[in-house]
Amino acid sequence: MVSEFMLQQTPVARVLPVWSVWMERWPTPSALAADEPGEAVRAWGRLGYPRRAQRLHAAATVIVAEHGGQVPASLDALRALPGVGEYTAAAIASFGYGQRHLVLDTNVRRVLARIEDGCEFPPTHLTQGERDRRQVWVPDDPAQAAAWAVASMELGALVCTARTPACPSCPVRESCAWFAAGRPAHEGPPRRGQTYAGTDRQCRGVLLGVVRDAAGPVPEEAVLAAWTSDPAQATRALEGLLADGLLRKGAQATVTL
DNA sequence: CACTCGTGGAA
DNA sequence: TTTCCAAGAGT
């Protein structure tokens, strides 16, 4: 569950070291729940999207309060936990409990888009229709389904990659529609296009980083001073971080995690 | 459905 | 140097 949270939009290589330290410190949901949410945010380091740390801590609290400290096995119970969406719930139930679910992450979506649809990339947004069409790929036997979930994801992560897929060494290239079609390039508009420099997101990251890397409470003034290009934006970002509970007001105009 | 929310490494 | 993008979730 911890690794699934950390891997939401963050590469494996960057997650590994943080995950090791985290699991050493908080081996169980109750251990995490007993500590401060701010400590979870601090231990999150620079993995990005620190709200995931906050939600993981909140999920641990719910697990202790409602599930006896054990990560629930049912999809519905998992889905009800903060920070657990369709993918993460299916991943935990499948990888952790050997259940039969469609674990449809970005890797598997790409793999099946190529194999079945002959398209280089899946649509931008996941629809129920796509989900229905992929569901039939899941083996009937739960253990086989769980193994298939891991395998299809690994195939996408290591072989059938987004940029330069290793088709020559792909074990299923003979049954891949995209390969058979000569690997046609993606049609349509660019799939993404988000600038990051100068955004509120970057600003929030800078401000939170100041507090995260400090030993104790940081003067509000010092936090805002970390973003000089647009003071109004800094003020707005700080308010947002406080509203989100990622930062808290301390004594004497200071802020803490 | 569209938008927001971090970060850093590889192409 | 700029762009792309990595095991998504919540509003």
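Just so we're clear, the structure is a prediction, and the values are computed from it rather than from any experiment.

(A) Representation of the overall build of chain A within the structure. Counting its regular elements, chain A contains 14 helices and 3 strands. Taking the principal axes of the C-alpha coordinates as reference, chain A spans close to 65 × 45 × 30 Å. Burial statistics for chain A: of 257 residues in total, 38% are counted as buried. Long-range contacts, defined as pairs at least 24 residues apart, comprise 56% of the intrachain contacts of chain A with a sequence gap of at least 6. Summed over all atoms, the accessible surface of chain A reaches about 13900 Å², with 56% contributed by carbon and sulfur. Here chain A contributes 26 positively and 26 negatively charged side chains, and the mean placements of these two sets differ by 4 Å.

(B) Quick look at the pattern of salt bridges. Counted according to the given criterion, the structure contains 13 salt bridges. Residues Arg-42 and Glu-39 are paired through a salt bridge, measuring 3.5 Å at the closest nitrogen-oxygen approach. Placement of both Arg-42 and Glu-39 in helix H4 (residues 37–43) is noted, with a separation of 3 residues, approximately one turn of the helix. Overall, Arg-42 belongs to the partly exposed group, its relative accessible area being 26%. Residue classification places Glu-39 among the partly exposed residues on the basis of a relative accessible area of 22%. Glu-130 is paired through a salt bridge with Arg-109; the nearest N and O atoms lie 2.9 Å apart. Residue Glu-130 is located in helix H9 (residues 128–135), and its partner Arg-109 is located in helix H8 (residues 106–117); the two are separated by 21 residues in the primary sequence. Exposure class is identical for Glu-130 and Arg-109. Each is buried. One salt-bridge network, held together by shared partners, links Arg-25, Asp-35, Glu-39 and Arg-42.

(C) Structural detail: the protein's contact with DNA strand B. Taken together, 17 residues surround DNA strand B, and among them Arg-14, Arg-46, Pro-50, Arg-201 and Arg-204 come closest. In DNA strand B, atoms within 4 Å of the protein come 61% from sugar and phosphate. For DNA strand B, a base nitrogen lies 2.9 Å from a polar atom in the backbone of Leu-47. Note that a sugar or linking oxygen of DNA strand B is positioned 3.3 Å from one of the side-chain N or O atoms of Arg-163. No other element matches the 4 residues that helix H12 (residues 200–212) contributes to the surface near DNA strand B. Classifying every residue of the surface near DNA strand B by side-chain character gives 4 nonpolar, 5 polar and 8 charged.

(D) Examining helix H2 (residues 12–25) more closely. In a regular helix each residue adds 1.5 Å, so 14 residues correspond to 20 Å; H2 covers 20 Å between its end C-alpha atoms and thus fits that length. A maximum bend of about 25 degrees is found in H2 at Val-18. Buried residues of H2: Val-15, Val-18 and Trp-22, and no others. In this fold, the buried residues of H2 make contact with helix H1 (2–6), helix H3 (29–33), H4 and helix H5 (51–66).

(E) Quick look at the domain arrangement of chain A. Domain boundaries assigned for chain A yield domain 1 (2–97), domain 2 (106–180) and domain 3 (200–256). Here domain 1 and domain 2 have C-alpha centroids that lie 26 Å from each other. Taken together, the contacts link 4 residues of domain 1 with 5 residues of domain 2. For the pair domain 1 and domain 2, the summed buried surface comes to about 330 Å²; carbon and sulfur atoms form 71% of the total. Between the two partners, domain 1 and domain 2, sit 0 salt bridges. Between the two partners, domain 1 and domain 2, sit 0 residue pairs in polar contact (both at pLDDT 80 or more).

(F) Examining the side chain of Asn-107 more closely. Structurally, Asn-107 can be placed in helix H8. Within the local environment of Asn-107, its side chain forms a polar contact with the side chain of Asp-105, the two groups lying 3.0 Å apart. Residues within four places of Asn-107 in sequence aside, it is in contact with Met-153, Gly-156 and Ala-157.

Procedures and definitions
- Counting of residues starts from 1 at the beginning of each chain's written sequence and follows it residue by residue.
- Written order determines the labels here, with chains lettered from A and ligands numbered from 1.
- Side-chain atom pairs in this predicted model are given and counted only at pLDDT of 80 or more, local residue features only at pLDDT of at least 70, and totals for whole chains, interfaces and linings cover all residues.
- To get the side-chain values, all heavy atoms of the structure are used, and hydrogens and water are removed first.
- The way it works is that DSSP assigns letters per residue, a run of H or I at least four long becomes a helix, a run of E at least two long becomes a strand, and they are numbered from the N terminus.
- Three exposure classes are used, based on accessible area relative to the maximum for each residue type with a 1.4 Å probe and protein chains only: buried under 20%, partly exposed in between, and exposed over 50%.
- Every residue pair with non-hydrogen atoms within 4.5 Å of one another is taken to be in contact.
- We get accessible surface area from the Shrake-Rupley algorithm with a probe of 1.4 Å; when it comes to residues, only the shown protein chains can shield them.
- Neither His nor the chain termini are counted; the positive set is Lys and Arg, and the negative set is Asp and Glu.
- In this description, the location of a charge corresponds to atom NZ of lysine, CZ of arginine, CG of aspartate or CD of glutamate.
- Any Lys or Arg side-chain nitrogen located within 4 Å of an Asp or Glu carboxyl oxygen qualifies as a salt bridge.
- By convention in these notes, a residue is near a molecule or strand provided one of its non-hydrogen atoms lies within 4 Å of it.
- In protein, a polar contact requires one atom able to donate a hydrogen and another able to accept it; more generally it is a pair of N or O atoms within 3.5 Å, and residues adjacent in sequence count only if both atoms are side-chain atoms.
- Residues are grouped as follows: nonpolar covers Ala, Val, Leu, Ile, Met, Phe, Trp, Tyr, Cys and Pro; charged covers Asp, Glu, Lys and Arg; every other residue, Gly included, is treated as polar.
- Helix span is expected to be 1.5 Å times the residue number reduced by one.
- What is called the bend at a residue is the angle between a pair of axes, fitted to the seven residues leading up to and ending at it and to the seven starting from it.
- Domain start and stop points were drawn from an automatic or database domain assignment.
- Summed over both partners, buried area is the accessible surface (1.4 Å probe) that two parts give up on being assembled.

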